[in-house]
Amino acid sequence: MRWLTAALLGASAACTPFVVASGPPPAVVASVEVDVEVSAPAGDAVASVDEFRDALAPYGTWLDDPELGAVFEPGAPDFQPYANGRWLSTEQGFAWVSDEPFGWACYHYGRWAWRGRWRWVPDTQWAPAWVEWRELDGVVAWAPLGPDGRGDGPTHRWQGAYARDLLTADLRSRRLGLDWLTARIDHGRRFEHRGHTRDGRRWQLGPSDEWMHAWGVDGRHVPLPGREVGRFDRDHRRELDEQRAADRRRAEEEARAQQARDEEARRRAEHDRNDREAQRLRDDAARQAREAQVLDEQRRREAQLEADRRAREEAARRAREAQVLDEQRRRDAQLEADRRAREEAARKAREDQIAAEQKQREEQKARDAQAEADQKQRAEAARKAREAQIAAEQKQREEQKARDAQAEADRRARAEAARKAREAQIAAEQKQRDEQKQRDEQKQRDEQKQRDEQKQRAEAARKAREAQIAAEQKQRDEQKQRDEQKARDAQKQRDEQKQRDEQKQRDEQKQRDEQKQHDHRTRDH
């Protein structure tokens, strides 16, 4: 009887991979291996990996990996294996039924390798799913197996759901969050529940029926959907071959249509690009013309302003020079009139003197006729008087010449003084312009200084506002952190309460199971 009891306990242990324990979950440890015989799946498997190449080509790219050889890379860059689909509990274990058109191949043959993104390594050995399993106190997690039979890839390769949701049709919407799962996956326990067929094929079965029952899940098996999991009979394979041929033809037609669309799009793009380039050139030409017109107009205005300024300066200079010349001409005319008046007076005096002399000569001649003797004396006296007169006239002419020379010198001195006065006036005006220019430049510097000071004050005000905003943001962040910490503490309390409740339920279930086993052993005994 003791031997029979030990055998029954051993059989019970063989059927149950592990017993849910109370308390916090331990670190990852391997469960006791359970290897049971399962029935071989119906239908034919794939005979050669060559069958995958044409079938999967429309849905991604085949590559040559230096380590793995020929691999298939799905087209979606964010692709995740075992994410789009659902689990079925079958006689051959948990089978993955994918929503993706290539799922019949990639999830039931071969393995997945992570090379910055997921790549499928083909193989001809079939399984309901090539994944590793873990249990986290009522949560089931799964991840793709790598080519070496172990998990391969980053932490986010794991996906999971509560046991009660594992077999639901809308599994995708019931999966647990990645952050929650990543933080806890290292504390999970592995399912080592393997199955084998009589011809020696082996694979992971997934959670056992007993474990699923322990969490209130009805794990009744359903028939294996052959075509959806890569198992084909003769009719199915013929349909698959026809479907693949149709897919190839459709892919070729789509490729040709896409090539035609690409060519048309390229021509349209080229035409649009040429139109845009022509429009851009026209716009550039119009813009350059407008800019040139504006620059020409600005140059004309500046040239007109400069010409007006120079004309005003030239008119003012000419007016000043004309005024100086008029004054000089008036002075010269007055001097010339004075000189001519003096010369006319001297000429009239000489003519009067000559007339007087002529009268005297006539009178003298009349007297000479009367007195010959006195004539010589008078003639001599007259000669001497004439010589004296000539000397006096010569002296007057020399004095007049000296006066004319002095007047000419005075005129030249006045002209030189007037020229120097004009130059001094021009220099004074130039000095005034320079001073005005300096005042304008100083005014511009002062205005620039004021603008710089105003800019500095604005920059200081902006920095003050930014500092105030940063302080307010810091206060908001601190308040947010306090609120988040408060929410986390509340969530932690709720999680702890939930864990205590679930632990209590497990303990009660365990007691019921132990009581049931004890009753069963008692009846057997």
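Peer 1: Just give me the short version of the overall build of the protein chain, but keep the residues and values in it.
Peer 2: Helix and strand counts for the protein chain stand at 8 helices and 13 strands. Taking 24 Å as the expected radius of gyration for a compact globule of 525 residues, we find that the protein chain reaches 62 Å, considerably beyond that expectation. Taking the principal axes of the C-alpha coordinates as reference, the protein chain spans close to 220 × 60 × 35 Å. Looking at the 525 residues of the protein chain, the share that counts as buried comes to 25%. Looking at the protein chain alone, contacts between residues at least 24 apart form 65% of all its contacts between residues at least 6 apart. For the protein chain, the accessible surface area stands at approximately 35,200 Å², while carbon and sulfur atoms represent 50% of it. Counting 109 positive and 110 negative side-chain charges, the protein chain places the centres of these two groups 6 Å from one another.

Peer 1: Break down the sheet that holds strand β10 (residues 159–162) for me, with residues and values.
Peer 2: An order of β10-β9-β8-β11 is seen for the 4 strands of this open sheet, with the pairing classed as antiparallel. Bordering the open sheet on either side are β10 and β11 (189–190), each of which pairs with just one other strand.

Peer 1: Account for the pairing of strand β3 (residues 69–74), with residues named and values stated.
Peer 2: As defined by bridge partners, strand β2 (residues 60–65) adjoins β3 across 6 bridges and the pair is classed as antiparallel. Pairing of Leu63 across the sheet is with Val71, part of β3. Hairpin connection from β2 to β3: 3 residues lie between these consecutive antiparallel strands.

Peer 1: I'd like a description of the nonpolar core, backed by residues and values.
Peer 2: Within the largest apolar cluster, 46 residues are counted, with the highest numbers of intra-cluster contacts made by Phe52, Leu56, Tyr82, Trp87 and Trp120. With near-sequence residues (within four places) excluded, Trp120 lies in contact with Phe52, Leu56, Trp62, Val71, Phe72, Ala105, Cys106, Tyr109, Gly110, Arg111 and Trp112. Listed in part, the 8 residues of the second largest apolar core include Leu136, Trp158, Leu176 and Leu181.

Peer 1: Report on helix α8 (residues 372–524), specifying residues and quantitative values.
Peer 2: Its 153 residues give α8 an end-to-end C-alpha distance of 215 Å, which sits within 8% of 228 Å, the value for a rise of 1.5 Å per residue. All of the buried residues in α8 are Glu393, Gln400, Ala418, Glu429, Gln503 and Arg506.

Peer 1: Could you give me a rundown of the sheet that holds strand β12 (residues 193–196), with the residues and numbers involved?
Peer 2: Reading across from one edge, β1-β12-β13 is the order of the 3 strands in this open sheet, with mixed pairing throughout. Since the sheet does not close on itself, it has two edges, and those belong to β1 (34–37) and β13 (202–204), each with one partner. If you compare each strand with its neighbour and ignore which way they point, the axes differ by 30° on average. Across 4 bridges, β1 lies against β12 in parallel orientation. In the sheet register, Asp35 faces β12, and the bridge partner there is Arg194.

Peer 1: How would you sum up the pattern of salt bridges? Please name residues and give values.
Peer 2: Should their charged atoms come close, side chains of opposite charge can pair. This structure, assessed with the given rule, holds 47 salt bridges. The partner of Glu73 in a salt bridge is Arg119, with the nearest N and O atoms 2.9 Å apart. On the criterion of sequence distance, the pair formed by Glu73 in strand β3 and Arg119 in strand β7 (residues 118–126) is long-range, its members being 46 residues apart. For the pair shown, Glu73 and Arg119 are each scored as buried. A salt bridge links Arg157 to Glu132; its shortest N-O distance comes to 3.9 Å. Note that Arg157 is positioned in the loop between β9 (139–144) and β10 and Glu132 in strand β8 (residues 131–135), a separation of 25 residues in sequence. Exposure class is identical for Arg157 and Glu132. Each is buried.

Peer 1: Kindly report on unusual backbone geometry, identifying the contributing residues and their values.
Peer 2: In the Ramachandran plot, Tyr82 falls in the positive-phi region, its phi being about 55° despite a non-glycine side chain. Among the structural elements, Tyr82 can be located in the loop between β3 and β4 (85–90). Accessibility expressed as a relative area gives 0% for Tyr82, which makes it buried. The backbone phi angle of Asp137 is positive, close to 55°, even though this residue is not glycine. Along the chain, the position of Asp137 falls in the loop between β8 and β9.

Peer 1: Tell me what's going on with the packing of aromatic side chains, and back it up with residues and numbers.
Peer 2: Going through the model one piece at a time under the given rule, you end up with 23 aromatic pairs. Geometrically, the ring pair formed by Phe52 and Trp104 is tilted, given 6.0 Å between the ring centres and 40° between the ring planes. A residue pair is termed long-range when its members are at least 10 positions apart, and Phe52 in helix α2 (residues 50–56) and Trp104 in helix α3 (residues 103–106) qualify at 52 residues. Per residue, the accessibility class of Phe52 equals that of Trp104, and both read buried.

Calculation criteria
Residues numbered from 1 in each chain as written. Predicted model: local features only at pLDDT ≥ 70, side-chain atom pairs only at ≥ 80, totals over all residues. Heavy atoms only, no water. Helix = DSSP H or I, 4+ residues; strand = E, 2+ residues; numbered from the N terminus. Rg over C-alpha atoms; globule rule 2.2 N^0.38 Å. Buried < 20%, exposed > 50% of the residue type's maximum accessible area, 1.4 Å probe, protein only. Contact = heavy atoms within 4.5 Å. Areas by Shrake-Rupley, 256 points an atom, 1.4 Å probe, with all protein chains shown as cover. Lys, Arg positive; Asp, Glu negative; His and termini not counted. Charge placed at Lys NZ, Arg CZ, Asp CG, Glu CD. Pairing = 2+ DSSP bridges. Core = buried A, V, L, I, M, F, W, Y, C linked by side-chain atoms within 4.5 Å. Expected span 1.5 Å × (residues − 1). Axes fitted to C-alpha atoms, helices over the stretch in contact; angles between N-to-C directions. Salt bridge = Lys/Arg side-chain N within 4 Å of Asp/Glu carboxyl O. Phe/Tyr/Trp six-rings, centres within 6.5 Å; stacked < 30°, edge-to-face > 60°.

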